[in-house]
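Single-letter residue listing:
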Amino acid sequence: MYSDLNRVIDAVVKDRGLSRAVVVEALKFAIISAARKKLGLDYNIEAEYNEELGEVELFRFREVVETIEDPARQINLEEARKIDPDSEVGDELGDKIDASQFGRISAQMAKQVIFQKIRDAEKENVFNEYKDREHEIINGIVRRFEKRNMIIDLGRAEAIMYQKDQIPKEVYQNGDRIRGYVTEVRNTANAPQIVMSRACNEFMMKLFEMEVPEIAEGTVQIVACAREPGQRAKIAVASRDPNVDPVGACVGMKGSRVQAVVNELRGEKIDIVPFSDNHATFVCNALAPAEITKVIIDEDNRKMDIVVADDQLSLAIGKRGQNVRLAVLLSGWKLDIHSETQIKRIERDARRMYKRLTKVPEGVREILIKTGYTDIKDLAEAEIEDLAAFPGIDDTLAEEIIDEAYAVHITGEWPLPEPEGEEEEDYLDLGQADQALQAAHDLFAEKKPVDGEKAAASEPAAPVEPEIELPEGDDFAIQPEALPMIAGKTAQFLIQRGYGTRNAILRASIEELSKVPGMGLALAEDLKESVRKLKKEDVESSTPHE
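What you are looking at is a predicted structure, and each value in this text was computed from that prediction instead of being measured.

**With respect to the environment of D394**
As for its position among the elements, D394 is in the loop between α15 (384-388) and α16 (395-411). Separated by 10 residues in the primary sequence, D394 and I384 have C-alpha atoms spaced 8.8 Å apart. Within polar-contact distance, the side chain of D394 engages the backbone nitrogen of L397 at 2.8 Å.

Right, here's the structure in full:
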C-alpha cells in the first residue's frame, strides 16, 4: 500500500529537484528534533523511515543494568524483560515511542525543521551545480536592478552583475536575454551568490574560444588580452602549429569569426596581433597599426622607449592615449613614445649635458647617448659594471662618472658652465651617426653573459650561406632606394658602406648586411634574395634616360 506520506515525499522530490534520500533524512531529523523537545535532550533517540507503512518510526535506546543511575539512558533488568524476555545486563534495548503524544507544538517545530532542511539541500544543490560552471559563459534573463547592479534569473538561481562588471553604454531592460562570464560562486548564508561579468578579459577570451575551433582544440592560444570594455581591445595570439596562422584563424573567412565576437560585445573594436617571445617585436606588434622606427629596452626597469616617425606619433599614442595604454596592458612593459624630432632634441640636449661634465671621455659620449644615457638621472642611477663595459671606461672611471652625475642630480650644480657662443648641432651627420650606432652595436654584440645569467639573444643567428661565384661581367650598379623593402636613410647607409653594386651585396654575408643601420637579419636576407634575382636590363629599364 502506497501511503500519503510516500506521495508527499515523491511530490517534494519532483518539485524541488532533490533526491528522495535527502527528503527522508530531513523527515527523520525533524521527528528526532520534535521528540527531544518533548522528552528532553538526555534521551538516546533514533528514527527510521518505514517504506511499507509510510511513516517515521521513533525508537528510544537504553542500557540494561541492575541498578538505574540515569533513568533517561538506563533500564533495569526486570523492566527490560517485559519488553524483550531475552534481555541481559549490558544489552542495548530499543523500544518504540508513540509519536501521537507530541502535540501541536512539536508538530509545528517538525514542520519548520523539514522546510529548513529542504531549503538547505536546495541551496547546496544550486551551489554544486554552478560551482562546476565557474569560469564559463552562461545565459540568463534580466529580472531587476538593485542600486545599478543587475539581477539575472538563471532558472534555479539568481546571479548578480555589479555595475563595474557591466559594459558601459550597454542598456538592458527587464526581460532581456543576456550572456555573461561566471567569475565567482560564493556559498553565503541565505543562498549561493553567483557573480557574472561582461567587462572582464576572460569573457572576450571565452567568446573567441567558442567561435574559433583552433583555440578550443589548443592549436591556437590567446597569450594576453587587454580591454577597455565597450571601446577597444587587443589580444595576442600564438600558434603551436607552424602551418596555422593564429591571426587568420581568429579573424575567420571574411572576418566572420571576429565579427561574431564584436557583435556580442555591441561593436567593441578588437585588434588581433601575433605574439612573439622577442619583447621588442611583441611591443611593436601591440602598437599596431603604428610603424615603429626604433626600440630602446631597459630590462631592469621593464621599460621601453619607442621611436616613431613624426607622422606616426598620434597613431601610436591613439585617441586619448588608448592605443599605447592597451599596448602597456597587453605587453606588461612600461612604454614611452617619442617622435624622431623629439629623439633628436633629446640627443641634442644630452650632448650639451655631457659638455658640462668632466669625467665622461669625449669618444664614448655618443655611444652613451645612443644606448639610452641621455639624462643626468640615467647616469646617476647607472651600475658600475654597465658603464665599465664601454670602451675607454674602467671600473674606477665608471665610479667617478656616477659620483659626479649623482652630485649634479642632487645639488643641481654643474662642474662646467653651459657652453656659450656656439650653436649645438641638432643632429650628427650621417657618418657620425653611423659610427656611433655601429660602435654601440659592436659593444653589446661582444658582451658575454655573467656566470649564472641567461644570455638574452635579441636576434636569431644568421643562417649559413653557401659560397657562390660572382663573375665581374655580371656586376652592375644598383639603386637600393628603388628596392621596395629599403627605406631612404637605409639606402644611404648601404651606399656609404660600399654596397652599391650587385656583387658587393651578394659577397657580403647576411650578418654583415644586418649591421647596417635600419637593417636586420630578416631584411638583410630579403635584400640578398631580391638582388640575386635582379637582372641588369631590369635596372636599366627602371633608370630614367636623360
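Once you've had a look at it, read on.
**Focus on the pattern of salt bridges**
If you walk through the whole model with that rule in mind, you get 20 salt bridges. Between D165 and K164 there is a salt bridge, and its shortest N-O distance comes to 3.7 Å. Accessibility expressed as a relative area gives 11% for D165, which makes it buried. Overall, the relative accessible area of 66% leaves K164 in the exposed class. A salt bridge links E214 to R257; its shortest N-O distance comes to 3.0 Å. One end of the pair, E214, is in helix α6 (residues 213-217); the other, R257, is in helix α8 (residues 256-264), with 43 residues separating them in the sequence. R257 gets classed as partly exposed once you look at its relative accessible area, which sits at 21%. Among the ionic contacts, a cluster of salt bridges with common partners joins E170, R179, R198 and E264.

**Focus on a positive patch on the surface**
Together, K169, K269, K319 and R320 make up a region of like positive charge exposed at the surface. With a relative accessible area of 75%, R320 lands in the exposed category.

**What to know about the packing of helix α12 (residues 340-354) against helix α13 (residues 362-370)**
Viewed as axis vectors pointing N to C, α12 and α13 meet at an angle of 145°, and their least axial separation amounts to 10 Å. Taken as a pair, α12 and α13 cross one another with a handedness that is right-handed. Here α12 contributes E347, A350, R351 and Y354 to the contact with α13, which in turn contributes R365, E366, L368, I369 and K370. Residues that form the contact of α12 with α13 fall into these classes: four nonpolar, no polar and five charged.

**Looking at a negative patch on the surface**
Side chains of E299, D300, E383, E385, D394, D395, E399, E400 and D403 sit close together on the surface and give a patch of like negative charge. When residues of the negative patch are assigned to their parent elements, the largest contribution, four residues, is made by α16. For E299, the location among the structural elements is in the loop between β13 (292-298) and β14 (303-308).

**Some points on the sheet that holds strand β5 (residues 137-146)**
Spatially, five strands are ordered β5-β6-β7-β9-β8 in a closed barrel, and the strand pairing comes out mixed. Ignoring which end each strand starts from, the neighbouring axes of this sheet average 50° apart. Pairing of strand β6 (residues 149-153) with strand β7 (residues 158-161) involves four bridges; the strand directions are antiparallel. Counted as the bridge partner of I152 is A159 from β7.

**Comments concerning α8**
All buried positions along α8 are accounted for by V258, V261, V262 and E264. Buried residues of α8 fall within an arc of 165° about the axis and therefore sit on the same side. On its buried face, α8 sits against β8 (177-187), α5 (201-211), α7 (246-251) and β12 (269-274). Just downstream of α8 lies R266, where phi reads positive at about 60°.

**Remarks on the sheet that holds β13**
In a beta sheet, neighbouring strands pair by backbone hydrogen bonds and run either parallel or antiparallel. The strand order β13-β14-β15 describes an open sheet built from three strands, whose pairing is mixed. The strands lining the two open edges of the sheet, one partner per strand, are β13 and β15 (334-339). Put simply, the sheet's adjacent strands are angled 20° from each other on average, direction ignored. The sheet contact formed by β13 and β14 spans six bridges and is antiparallel. The residue bridging I292 from the neighbouring strand is V308, located in β14.

**Regarding the confidence of the model for the chain**
Per-residue confidence for the chain gives a mean pLDDT of 79, with 82% of residues at or over 70. When the criterion is pLDDT under 50, residues 422-431 qualifies, and its contacts beyond four places in sequence or with other chains add up to 19 contacts. Taken together, the stretch residues 446-467 has pLDDT below 50 and engages in 16 contacts with residues farther than four places along the chain or on a different chain.

**Examining unusual backbone geometry**
Of the consecutive residues A288 and P289, the connecting peptide bond is found in the cis state with omega at 15°. Secondary-structure assignment places P289 in the loop between α9 (279-286) and β13. Positive phi is not limited to glycine here, since R148 has a value of about 70°. Residue position: R148 is located in the loop between β5 and β6. You can call R148 exposed: its relative accessible area is 61%. The backbone of R266 shows a phi angle near 60°, a positive value even though the residue is not glycine. By the secondary structure assignment, R266 is in the loop between α8 and β12.

**Things to note about the state of the cysteines**
Within the structure shown, the criterion is met by zero disulfides. Considering cysteine sulfurs only, C225 is the nearest to C200, which forms no disulfide, with 9.1 Å between them. A residue is classified by how much of its surface remains accessible, and C200, at 14% relative accessible area, is buried. C225 sits in the buried class, given a relative accessible area of 12%.

**Examining the nonpolar core**
Of all hydrophobic cores here, the largest spans 24 residues; its most connected members are M204, F208, I235, L265, I270 and I272. Of all the elements in the fold, those that place two or more residues in this core are α5, β10 (220-228), β11 (232-239), α7, α8 and β12. The dominant element in this core, judged by the number of residues it contributes, is α5, at four residues. Sequence-distant contacts of I270, that is, excluding residues within four places in its chain, are made with M204, F208, A233, V258, V261, V262 and L265. The next biggest cluster of nonpolar side chains, apart from the first, holds 23 residues, and it includes V364, F390, L397 and I402.

Cut-offs applied
- Residues numbered from 1 in each chain as written.
- Predicted model: local features only at pLDDT ≥ 70, side-chain atom pairs only at ≥ 80, totals over all residues.
- Heavy atoms only, no water.
- Helix = DSSP H or I, 4+ residues; strand = E, 2+ residues; numbered from the N terminus.
- Polar contact = N/O pair within 3.5 Å; in protein donor to acceptor, adjacent residues only side chain to side chain.
- Salt bridge = Lys/Arg side-chain N within 4 Å of Asp/Glu carboxyl O.
- Buried < 20%, exposed > 50% of the residue type's maximum accessible area, 1.4 Å probe, protein only.
- Patch = residues over 30% accessible without salt bridge, like charges linked within 9 Å, V, L, I, M, F, W, Y side chains within 5 Å.
- Areas by Shrake-Rupley, 256 points an atom, 1.4 Å probe, with all protein chains shown as cover.
- Lys, Arg positive; Asp, Glu negative; His and termini not counted.
- Charge placed at Lys NZ, Arg CZ, Asp CG, Glu CD.
- Axes fitted to C-alpha atoms, helices over the stretch in contact; angles between N-to-C directions.
- Left-handed = near helix turned anticlockwise from the far one by under 90°.
- Contact = heavy atoms within 4.5 Å.
- Nonpolar A, V, L, I, M, F, W, Y, C, P; charged D, E, K, R; others polar.
- Pairing = 2+ DSSP bridges.
- Arc of directions from axis to C-beta.
- pLDDT = per-residue confidence, 0-100.
- Disulfide = S-S within 2.5 Å.
- Core = buried A, V, L, I, M, F, W, Y, C linked by side-chain atoms within 4.5 Å.

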